[in-house]
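Below are the chains, spelled out letter by letter.
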Amino acid sequence: MFTNILEYQALDEKLSKMIRDFESLPERDSLNKLVHLVRDNQAKLIDVNEQAKKTISLFEKTKSDYENIKNQIEQLSSKSSSFSDEERNKAIEKLEKFTLDLSSIERSLSTQVESIKSILSSFENYKKNIIIYKQKYKEAKEKCALLEQEFAPKIKELKDSLAKLEKNVDPKVMLKYKQLKQDLPLPVIIENNGSSCGGCSMSIPAALMTKLKERGFIECEQCRRIIYYKK
């Protein structure tokens, strides 16, 4: 009863293993990692670009503040000769405040310049990384394409053989097999291991064991695999 579906399952397992072997190749793993590296550096590049815009905008504002205070100092100085003693004392107080503000702004400008330099350096590094990773991705993709050419005919051959075998399997049995395969790893149709399930090793109750011997198969109560009777 299970001869055809077991033959189908054995070939299906072989196909699944071949596909897993192909997908787990170091070259494919390298390809996937390079995709993430390119995307990660592109995201960082966008982030750094936004940082640069904000820092440059802040730099321009600080620079404008600096020029404004500098102009006020110059205007105050140019009028100082006509000031009275009281006006001169007030002007000196203003100059002292302007000088402190100017020193603070100069320090801020210096910090912002260093920040811009750091951002530009990061920008260039991420840009170089993207170029390098894209080149490596291209090389890895070419290697994977060659390996795929090697695997593709074998995979196609197995798929063709499965399609032929499927014609010899009872449609209801095949439907049940495909439903189980969606939820469980192969094999989904297994023989009993004495009085235990050959899949999950759960002990088969005596009543079910009797049913297994009489009917030839049962469904495991724990893993849901189809257990066929092995004498």
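Preceding this paragraph is the structure being described.
Residues numbered from 1 in each chain as written. Predicted model: local features only at pLDDT ≥ 70, side-chain atom pairs only at ≥ 80, totals over all residues. Heavy atoms only, no water.

A. Main features of the sheet that holds strand E4 (residues 226-228). Ordered in space as E2-E1-E4-E3, the 4 strands form an open sheet in which the pairing is mixed. Of all the strands in the sheet, the pair left with one neighbour each is strand E2 (196-197) and strand E3 (217-219). Of the strand pairs in this sheet, strand E1 (residues 189-193) and E2 are connected by 2 bridges, and their pairing is antiparallel. In the strand pairing of E2, Asn 192 is matched with Cys 197. Against the sheet, helix H5 (residues 206-215) makes contact with E1, E3 and E4, and its axis sits at roughly 135 degrees relative to E3, the strand it touches most. (Pairing = 2+ DSSP bridges. Helix = DSSP H or I, 4+ residues; strand = E, 2+ residues; numbered from the N terminus. Contact = heavy atoms within 4.5 Å. Axes fitted to C-alpha atoms, helices over the stretch in contact; angles between N-to-C directions.)

B. Quick look at the pattern of salt bridges. Counted by the stated rule, this structure contains 14 salt bridges. As a salt-bridge pair, Lys 44 and Asp 40 come within 3.2 Å of each other at their nearest N and O atoms. Taken together, the positions of Lys 44 and Asp 40, both in helix H2 (residues 26-79) and 4 residues apart, correspond to about one turn of that helix. With a shortest N-O distance of 3.7 Å, Glu 50 and Lys 53 are connected by a salt bridge. In this pair, Glu 50 and Lys 53 are both assigned in helix H2, 3 residues apart and thus about one turn of the helix distant. Looking at Glu 50, the relative accessible area reads 36%, which means it is partly exposed. (Salt bridge = Lys/Arg side-chain N within 4 Å of Asp/Glu carboxyl O. Buried < 20%, exposed > 50% of the residue type's maximum accessible area, 1.4 Å probe, protein only.)

C. Looking closely at the packing of aromatic side chains. Following the criterion strictly, the structure yields 2 aromatic pairs and no others. Both rings, one in Tyr 8 and one in Tyr 177, keep their centres 5.6 Å apart while their planes meet at 90 degrees; by these two values the pair is edge-to-face. Taken together, the residues Tyr 8 in helix H1 (residues 3-23) and Tyr 177 in helix H4 (residues 171-183) connect sequence positions 169 residues apart. Like Tyr 8, the residue Tyr 177 is buried in the burial classification. Aromatic pair Phe 22 and Phe 151: ring centres 5.3 Å apart, planes at 45 degrees, arrangement tilted. Pair noted here: Phe 22 is in helix H1 and Phe 151 is in helix H3 (residues 85-166), with a separation of 129 residues, a long-range link. Exposure class is identical for Phe 22 and Phe 151. Each is buried. (Phe/Tyr/Trp six-rings, centres within 6.5 Å; stacked < 30°, edge-to-face > 60°.)

D. Expanded view of the packing of H2 against H3. Orientation of H2 relative to H3, taken along the N-to-C sense of each, is 165 degrees, at an axis distance of 6 Å. One way to sum up the angle between H2 and H3 is to call them roughly antiparallel. At the point where H2 passes H3, the crossing takes the left-handed sense. Partitioned by chemical class, the residues of the contact of H2 with H3 number 32 nonpolar, 13 polar and 14 charged. (Parallel < 35°, antiparallel > 145°, perpendicular 65-115°, else oblique. Left-handed = near helix turned anticlockwise from the far one by under 90°. Nonpolar A, V, L, I, M, F, W, Y, C, P; charged D, E, K, R; others polar.)

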